[in-house]
Amino acid sequence: MRTFQLDRPGDLAEAVRILAEDEGARVIAGGTDLVTLMRDGIQQPSRVLDLRDLGLTEIEWQPDGGVRIGALCPNAVDDRRLAAEYPLVVAALRAGASPQIRNMATFGGNILQQTRCAYYRLPEFACNRRDPGTGCAALRGDSAKQAIFGVSDTCNAVHPSDLAVALSALEAEVLVHGPAGARRIPIREFHPLPGDTPHRVSALRDGELVTGIELPAAGRGRVSNYVKFRDRASFAFALASAAVVIERAGTVVLGARIALGGVAPKPWRAEHAERALVGNRLDEDSIAAASAAAVRGATPRKDNEYKVELVRRVVRRALSELE
Amino acid sequence: MTRSWVEPIGANINRVEALAKVTGRAVYTADVPAQGAAHAVQVPSQISAGRVRRIDTREAERATGVLAVLTHQNVPRWRGQPAIPYYAESRLPLSDDRIHFGNQCLALVIADTLHQAEYAASLVLVDYQLGQPVPNLDAARADAYPPTGPYPDRFPTEHRRGDAVAALRSAPVRVDREYRTATISHAPMEPSSTLASWDGDQLTLHDSSQGVFAHREAVATAFGLPVESVRLISSLIGGGFGNKSYTWGHTLLAALAARVVRRPVRLTLNRKEVFTGTGHMPAMIQRVRLGARRDGTLTAITHDTVNATSPTDDRNEPAIQSTPALYAVPNLAARAQVAKVNIGTSGAMRTPGDTPGQFAVECAMDELAYELGMDPLELRRKNYAERHPQSGKPFSGKRLLRCYEVGAAEFGWSWGEAEPGTLRDGNDLVGYGMASGIRAEHSAPAAARVEISSDGTAEVRTGTQEIGGGTLTTMVQVAASGLGVSPDRVSIKAGDTDLPQGAPTFGSMTSGSTGSAVHLGARRVRVAAIRLAIRDTQSPLHGAEEDAVDVRDGRLLLRADPSRGETYVDLLDRHGIGALRRVGEYQPEEESAVERATFGAHFVEVRIDRQLSRVRVARHVGVFDCGRVLNEKTATNQARGGMIFAMGGALMEQLVPDPVSGRLITPALTDYHVPVHADIGDVRALFVGEHEPEAHPVGAKGLGEICSIGIAPAIANAVFHATGKRVRELPITPEKLL
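Residues numbered from 1 in each chain as written. Chains lettered and ligands numbered in written order. Predicted model: local features only at pLDDT ≥ 70, side-chain atom pairs only at ≥ 80, totals over all residues.

- Chain B has the name Xanthine dehydrogenase molybdenum binding subunit apoprotein in an unreviewed UniProt entry, where Tamaricihabitans halophyticus is given as its organism.

- With an unreviewed UniProt entry as reference, chain A is termed Xanthine dehydrogenase YagS FAD-binding subunit, source organism Tamaricihabitans halophyticus.

Structure (structure tokens):
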């Protein structure tokens, strides 16, 4: 590991100032991702900002019924109201990591975690995301774990977060703070597609950091579910996952949001599938139509062709399990 | 004080090192303290084939704390080539500019601290001349050939009897299938570690070694030293499964570095180096053909294998070795080939040859059973071999039929009630499968010194190794049994070439070989004590016949009149003997009238979610014949561990090579998946073995390897029963069942 300077800023302004003026500075929260990347030489920051003195761990309920979760709130969050009103969030967190990791990992760090693409994590392979412009060994390599949506000819890596998939289905907003002050970024804009800039992994501008996540109030008649499928029972990233949020009046679906994990460079909203549900009853036919529509636009390769069928099935499972 | 005497062998006692392990006080090699030790770090190759055109170490040498940087250009010459396999490769580290596989060591950086060495290693600049890599077995297969060299000299590449081709041609029922297995890794928890220090020409090595004597010889050869000049010490080992059976480059490099910097040097592998540089089980493609009569009588077996091997060595994975022993079939032909791939040299991994080989044959047997419409268990009974089918010799013991019987009863095996793909429970497909396993029982010379002291305690000294199987405990029990003392009076010293030579802790040789040495040593002490007593006019046993005296709980007594006797303590004390000690030596016979083997039978229930098709082993019963069980608790623990180990290989483990370069893309525990607790269902291990002195004097046979054979085919056969789909390629990952 390269040596680095460790700072522990006392307030947000100081943190932002350091981030803005020092290109080599990186934020560390729980460190469950950054430390492994530094150890393997994948990231080599010259300066590391430990945010522990900034607070940002609170869960604050808003007057409109929404909730704001501090960026440094641990993923092992144990909050009864959160579990009651946003069970999807808790389910995704639990599916995401072991208790040990969740104790350390934070909400902000979770949505900013780097891809698990082996070609990114092993420095002997070319990677545009790690070293812009050097090429992508994954495009010619083993693509069994790679994305089937949103890929470009520079990168086909998958975003690994379970939490972000749930946040996407809940249409959360990411609260950020930077040199120009505070702003909000809708979750669907927070993770850019690789395009020709795969090294840009978030919509954060220079000097900005995440301060929290805000979830809109849970609507009436809302049900949700998270289904994560992987090749062992635990301790594994998703081969494919689906977060579904349905709002109903009586038996009719008024709103549907379906986000997919493990299959795209970002939490992937399956809008075709959502449209197949709205205005219909949630029954076998509409579920079949939605799961078929969920894979529209997929561009699999030979090794990850199976993910197309897997997506259909996790979507069907997630919807079928709804009460 | 009276307590009832319990025979120590077979008793369910806790591991002697249990408390140290659970309290974190247990010392593994990387924990061995070393004053002033420097640290060595390897510089890995970024490419998998080619040459080092230029290597620039100047910046690394200037970095803080750096003591030396060794490359192929400045490394002192090795003085000899150690014999394969106990040094695993014919190429010694840093011996030339050639690159054969990804992550191969290209330089060694030695510094005051580990962090300094790691940092300096990142400053070494390598200019590569890229070669054309052969990335995987598929790419290499067309150029497969019969291997030559020391590995095939040890593991025959051909077996024949009768005329298999003709018998196949005329067989009314035939099966002809190809099976594939992935490259898999031992993946032990403990990364290999070495601590080397020199005193003149005397080398002391602490090394994570499954065989201190074999490895001492390899190290001595590389340095041109007599073996007595090398002392090799193996502390507790955090799992090996064979990746510490052979010596690998890092051990030699640590010793070399210590000599160069004139200080002790520690070298502990990182996880990636464990995956790339300490062996693996190679990828294989196997073709099995079976011929049978309609009643299920086998008439022919052919078994042709090809496995990936490294550019430096032809190592044939001995998958055909047990095929001749499995069934009473008159015609057989088996042949092994290898194909060169840019990967490190493979090694012995639990269970070498037999895990993949019997996966192929036992799946083919299941396919034949379905072809015949016959219970797979009946098919195996029908072709049961009473004697070894190749040599014609009887077995020292074979209780495979008993394994079938006990396993079928425990599992509730019944066949034919549900067609493949029809059994359901809610959303799950349910399937049952079975398979059997065989492992030739090996032996090695072994010695152990056993002593009883005048304070009533006893000690065993033997250079065996504790790799997690419970060896220290079982050896204590064998000594306690031979001496007639309670196991809690017995301590053991192990893992050191300064001790009498034990058998290596691989090849399932500990219980039989080292166990027999301990048994013989303890018996000699007992006999010496008895003789001392019966000749001693002051002893209550004076004048008794030697055979009439027994020893229990440290007291020598007359069998016919237990009230007459005296303790070891009194006897030794009276004679002014501090300790009575004897060495037991076990020498396997050169030519044997019997065949020795261990056996197993497996019965499995899998459950597979109909849509989300991950295979779960809900129930698994494994029944083993490993002779006398020395400790049911450690044996059960080891057997269940072995079965779960094999489940990993069957369902999820694979070292995936990049299809372009062959460099591994899963050399980390996050990506190389082994089963987690939540994956493990009801796994039961049962034993039917009995005291088998015809196998070894101690009456026990090996367990560490037989417990991993037959699991994969039983699971694959159950997957077929559940789904109606034959998956002939391991691991059976979800996408193969979608």
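## A short note on the overall build of chain A
Next, step 1: Across its full length, chain A carries 13 helices and 12 strands.
Next, step 2: Over its C-alpha atoms chain A spans a radius of gyration of 19 Å, differing by no more than 12% from the 20 Å that the globule rule assigns to 323 residues.
Next, step 3: Seen along its three principal axes, the alpha-carbon backbone of chain A occupies a region of about 60 × 50 × 35 Å.
Next, step 4: Counting contacts in chain A only where the partners sit at least 6 residues apart, residues at least 24 apart contribute 63% of the total. (Helix = DSSP H or I, 4+ residues; strand = E, 2+ residues; numbered from the N terminus. Rg over C-alpha atoms; globule rule 2.2 N^0.38 Å. Contact = placed C-beta atoms within 7 Å.)

## A look at the nonpolar core
Next, step 1: Counting 318 residues, the largest nonpolar core has V109(B), A479(B) and I715(B) as the members making the most contacts within it.
Next, step 2: Those residues in contact with A479(B) that lie beyond four places of it in its chain are V450(B), A458(B), V460(B), V490(B), V518(B) and A522(B). (Core = buried A, V, L, I, M, F, W, Y, C linked by C-beta atoms within 7 Å. Buried ≥ 20, exposed ≤ 12 C-beta atoms within 10 Å, placed from the backbone.)

## A word on the sheet that holds strand β24 (residues 579-586) of chain B
All names here are of chain B.
Next, step 1: Taken in spatial order, the four strands line up as β20-β19-β18-β24 in an open sheet, and their pairing is mixed. The open sheet is flanked by β20 (490-493) and β24, the only strands paired with a single partner. Adjacent strand axes in the sheet meet at a mean angle of 20 degrees when their direction is disregarded.
Next, step 2: Relative to β20, strand β19 (residues 458-461) is paired through four bridges, and the arrangement is parallel. Opposite V460, over in β20, you have I492 as the bridge partner.
Next, step 3: Its contacts with the sheet put helix α14 (residues 471-483) on β18 (446-453), β19 and β20, and the angle it makes with β20 is roughly 130 degrees.
Next, step 4: The sheet strands contacting helix α15 (residues 510-534) are β18, β19 and β24, and the helix crosses β24 at an angle near 140 degrees. (Pairing = 2+ DSSP bridges. Axes fitted to C-alpha atoms, helices over the stretch in contact; angles between N-to-C directions.)

## Description of the packing of α14(B) against α15(B)
Residue and element names in this part refer to chain B.
Next, step 1: Contact pair α14 / α15: the axes reach a minimum separation of 8 Å and the direction vectors enclose 30 degrees. Judged on the interaxial angle alone, α15 and α14 are roughly parallel. Remark: the crossing between α14 and α15 carries right-handed chirality. For the pair α14 and α15, contact is made by T471, T474, M475, V478, A479, G482 and L483 and by T510, S511, T514, G515, V518, H519, A522, R523, V525 and R526, respectively.
Next, step 2: Among the residues forming the contact of α14 with α15, the class breakdown is seven nonpolar, eight polar and two charged. (Parallel < 35°, antiparallel > 145°, perpendicular 65-115°, else oblique. Left-handed = near helix turned anticlockwise from the far one by under 90°. Nonpolar A, V, L, I, M, F, W, Y, C, P; charged D, E, K, R; others polar.)

## Some remarks on the pairing of strand β7 (residues 181-186) of chain A
All names here are of chain A.
Next, step 1: Burial runs low along β7: only zero of the six residues are buried.
Next, step 2: Judged from the six bridges that link them, strand β6 (residues 173-178) and β7 form a sheet pairing that is antiparallel. If you follow E173 over to β7, its bridge partner there is P186.
Next, step 3: Hairpin geometry of β6 and β7 is characterised by an intervening segment of two residues between the two adjacent antiparallel strands.

## A look at the UniProt feature "domain: Aldehyde oxidase/xanthine dehydrogenase a/b hammerhead" (unreviewed entry) in chain B
Next, step 1: The positions UniProt marks with the feature "domain: Aldehyde oxidase/xanthine dehydrogenase a/b hammerhead" (unreviewed entry) are residues 23-132 of chain B.
Next, step 2: In residues 23-132 of chain B, the share of helix is 12% and the share of strand is 32%. The end C-alpha atoms are 51 Å apart. (UniProt positions renumbered as here; feature names shortened; annotations may be inferred.)

## Observations regarding the interface of chain A and chain B
Next, step 1: Taken together, the contact between chain A and chain B spans 24 residues of the former and 27 residues of the latter.
Next, step 2: Ranked by the residues each element gives to the side of chain A that touches chain B, the list is headed by helix α13 (residues 306-320) of chain A, at six residues.
Next, step 3: Residues that form the side of chain A that touches chain B fall into these classes: 11 nonpolar, three polar and 10 charged.

## So, the sheet that holds strand β22 (residues 555-558) of chain B
Through backbone hydrogen bonds, the strands of a sheet pair up, either in parallel or in antiparallel fashion.
Residues and elements named next belong to chain B.
Next, step 1: Taken together, the three strands give an open sheet; going across it, the order is β21-β22-β23, and neighbouring strands pair in antiparallel fashion. The open sheet has two edge strands with one neighbour each: β21 (549-552) and β23 (561-567). In this sheet, neighbouring strand axes are inclined to one another by 35 degrees on average, regardless of whether the strands run parallel or antiparallel.
Next, step 2: Two elements, β22 and β23, share four bridges in a ladder whose sense is antiparallel. In the strand pairing of β23, L557 is matched with G565.

## Here's the deal with α13(A)
All names here are of chain A.
Next, step 1: Its 15 residues give α13 an end-to-end C-alpha distance of 21 Å, which sits within 8% of 21 Å, the value for a rise of 1.5 Å per residue.
Next, step 2: By the criterion of burial, α13 is predominantly enclosed, with 12 of the 15 residues buried.
Next, step 3: Looking at the buried side of α13, the elements it contacts are β9 (222-229), β10 (240-249), β11 (252-261), α11 (271-277) and α12 (284-293). (Expected span 1.5 Å × (residues − 1).)

## Here's the deal with the pairing of strand β3 (residues 66-71) of chain B
Put simply, side chains in a regular strand alternate between the two faces of the sheet.
All names here are of chain B.
Next, step 1: Of all the six residues making up β3, five are buried; the element is thus mostly covered by neighbouring parts of the structure.
Next, step 2: Here β3 pairs with strand β5 (residues 105-111) via five bridges, running antiparallel. The residue of β5 that forms the bridge with A68 is I110.

## Some points on helix α1 (residues 12-21) of chain A
All names here are of chain A.
Next, step 1: Regarding α1, the residues found buried are A15, V16 and L19. Across the axial projection of α1, the buried residues extend over an arc of 95 degrees, all falling on one side. Exposed residues lying more than 90 degrees from the buried face of α1 are A13 and E21.
Next, step 2: The elements touched by buried residues of α1 are β2 (25-28), β3 (47-50), β6 and β8 (209-215). (Arc of directions from axis to C-beta.)

## Description of unusual backbone geometry
Trans peptide bonds make up the majority, and among non-glycine residues the majority have a negative phi.
Residue and element names in this part refer to chain B.
Next, step 1: Geometrically, the link from R350 to T351 is a cis peptide bond, its omega value of 0 degrees lying close to zero.
Next, step 2: Going from L730 to P731, the amide bond is cis rather than trans, its omega being -5 degrees.
Next, step 3: With respect to the helices and strands, P731 occurs in the segment after α18 (711-723).
Next, step 4: Here the phi dihedral of N103 falls at roughly 75 degrees; this positive angle occurs in a residue that is not glycine.
Next, step 5: Tracing the chain through its elements places N103 in the loop between β4 (98-99) and β5.
Next, step 6: N103 sits in the buried class, given 23 other C-beta atoms within 10 Å.
Next, step 7: With a phi close to 60 degrees, F241 is a non-glycine residue in the positive phi region.

## Describing the packing of α12(A) against α13(A)
All names here are of chain A.
Next, step 1: The geometry of α12 relative to α13 is characterised by a closest axis approach of 8 Å and an angle of 145 degrees between their N-to-C directions. Pair α12 / α13 crosses with right-handed handedness. Contact residues: I287, A290, S291 and A292 in α12; R312, V315, R316, L319 and S320 in α13.
Next, step 2: A breakdown of the residues in the contact of α12 with α13 according to their chemical character gives five nonpolar, two polar and two charged.

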